[in-house]
Amino acid sequence: MTIELHILSPEGTLVKADVSLVTLPGIVSPFTVLPGHAALVTALVAGDIRYVEDGAEKRLPIREGFVEVKDNVVKACVEV
């Protein structure tokens, strides 16, 4: 099972991929989303969004943003 990851910015789509996990810089602390994660909406702070696509870890530094997790879809709207 995978997670559909969408990372968007005002400039356009930065990432659209099927990933095995994604770690996001939450306002309290970083948190990891795995398949089957509970639904949530939260703010993001400056840090790296890290995700694993086809076995390779990738990262995207951000300044801030918001994320929605629902039904194995992660949608993040960020400033980079």
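What counts and how
Residues numbered from 1 in each chain as written. Predicted model: local features only at pLDDT ≥ 70, side-chain atom pairs only at ≥ 80, totals over all residues. Heavy atoms only, no water. Helix = DSSP H or I, 4+ residues; strand = E, 2+ residues; numbered from the N terminus. Rg over C-alpha atoms; globule rule 2.2 N^0.38 Å. Buried < 20%, exposed > 50% of the residue type's maximum accessible area, 1.4 Å probe, protein only. Contact = heavy atoms within 4.5 Å. Areas by Shrake-Rupley, 256 points an atom, 1.4 Å probe, with all protein chains shown as cover. Lys, Arg positive; Asp, Glu negative; His and termini not counted. Charge placed at Lys NZ, Arg CZ, Asp CG, Glu CD.

**Details of the overall build of the protein**
- Summing up its helical and strand segments, the protein has 0 helices and 9 strands in all.
- Moving toward the C terminus, one meets the helices and strands of the protein in the order β-β-β-β-β-β-β-β-β.
- For 80 residues, the compact-globule formula gives about 12 Å, and the C-alpha radius of gyration of the protein, at 11 Å, lands near that figure.
- In terms of overall dimensions, the protein has C-alpha extents of about 30 × 20 × 20 Å along its principal axes.
- Sorting the 80 residues of the protein into buried and exposed places 36% on the buried side.
- Within the protein, residue pairs in contact and separated by at least 24 positions form 44% of the contacts whose partners lie at least 6 positions apart.
- Counting every atom, the protein has about 4,700 Å² of accessible surface; 54% of that belongs to carbon and sulfur.
- Considering the protein, the positive charge centre built from 7 side chains and the negative charge centre built from 11 side chains are found 1 Å apart.

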